[in-house]
Amino acid sequence: MLLSKEAEVKIGSHSFKHFKSLGYKDLHCGMVLTVPVEHLSNETGTIVRVKCDICDKEKDISFCSYMKSFSTFQIYCCSPSCAQVKNKMTCIQKYGVEN
């Protein structure tokens, strides 16, 4: 689960185009901007606060790592032991069995 509501982003050439397309004005490369996490691109390395959906442990990770983990079943797992739950779901979805 994503706990952060906002994140600070340093504007670079890729993020400049992204935020310009979202309607942000007066941008320049190198500036730091505070934006809602909904406006972050899935590839950004911006650090966000997340909570494991299995064990409720909180940690700080990059937004792209969170999105990669969260994308399939909308469950974030903080460790390999927590990921076993998600692995079972994947096996059931792909092969129809738990193992």
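Residues numbered from 1 in each chain as written. Predicted model: local features only at pLDDT ≥ 70, side-chain atom pairs only at ≥ 80, totals over all residues. Heavy atoms only, no water.

Engineer: Is there a simple way to think about the pattern of salt bridges in this case?
Structural biologist: Pairing is possible between side chains of opposite charge, provided their charged atoms come close. By the definition in use, this model includes 3 salt bridges. Salt-bridge contacts for Asp60 lead to Arg49; the nearest nitrogen and oxygen are separated by 3.1 Å. With Asp60 in strand β4 (residues 58-62) and Arg49 in strand β3 (residues 47-51), this pair connects stretches of sequence that are 11 residues apart. Residue Arg49 is classed as partly exposed on the basis of its relative accessible area, which comes to 32%. Note that Lys88 is salt-bridged to Glu98, the shortest N-O span being 4.0 Å. A residue pair is termed long-range when its members are at least 10 positions apart, and Lys88 in helix α3 (residues 80-95) and Glu98 in the segment after α3 qualify at 10 residues. The exposure class assigned to Glu98 is partly exposed, which follows from its relative accessible area of 47%. (Salt bridge = Lys/Arg side-chain N within 4 Å of Asp/Glu carboxyl O. Helix = DSSP H or I, 4+ residues; strand = E, 2+ residues; numbered from the N terminus. Buried < 20%, exposed > 50% of the residue type's maximum accessible area, 1.4 Å probe, protein only.)

Engineer: Sorry, what's going on with the environment of Ser15 here?
Structural biologist: Structurally, the position occupied by Ser15 is in helix α1 (residues 13-21). Residue classification places Ser15 among the buried residues on the basis of a relative accessible area of 13%. For Ser15 and Leu40, which are 25 residues apart along the polypeptide, the C-alpha to C-alpha distance reads 8.8 Å.

Engineer: Any chance you could explain helix α2 (residues 63-70) here in plain terms?
Structural biologist: Count 3.6 residues to each turn of an α-helix, and residues three or four apart come out pointing the same way. Residues of α2 that are buried: Phe63, Tyr66 and Ser69. Along the axis of α2, the buried residues cluster in a sector spanning 130°; they form a single face. In this structure, the buried side of α2 is in contact with β3, β4 and α3. (Arc of directions from axis to C-beta. Contact = heavy atoms within 4.5 Å.)

Engineer: Explain α3 to me, please; I cannot follow it from the model alone.
Structural biologist: Here α3 contains 16 residues, and its C-alpha end-to-end distance of 21 Å stays within 8% of the 22 Å for a straight helix at 1.5 Å per residue. Of all the bends in α3, the largest measures some 25° and sits at Lys86. Just past α3, the residue Gly96 takes up positive phi, approximately 80°. (Expected span 1.5 Å × (residues − 1). Bend = angle between axes of the 7 residues up to and from the residue.)

Engineer: Where do I start with the confidence of the model for the protein chain in this structure?
Structural biologist: Reading predicted coordinates in detail is not appropriate for stretches of low pLDDT. Model confidence for the protein chain is summarised by a mean pLDDT of 91, while 100% of its residues fall at 70 or above. At the low end of the mean pLDDT range in the protein chain sits α3, at 89; at the high end sits β3, at 96. (pLDDT = per-residue confidence, 0-100.)

Engineer: Any chance you could explain unusual backbone geometry here in plain terms?
Structural biologist: It is generally the case that most residues other than glycine have a negative phi and that most peptide bonds are trans. One non-glycine residue, Asp26, lies in positive phi territory at about 55°. Following the sequence through the fold, Asp26 ends up in the loop between α1 and β2 (32-36). For Gln74, which is not a glycine, the phi torsion comes out positive at approximately 55°. On the secondary structure map, Gln74 appears in the loop between α2 and α3. A relative accessible area of 47% places Gln74 in the partly exposed class.

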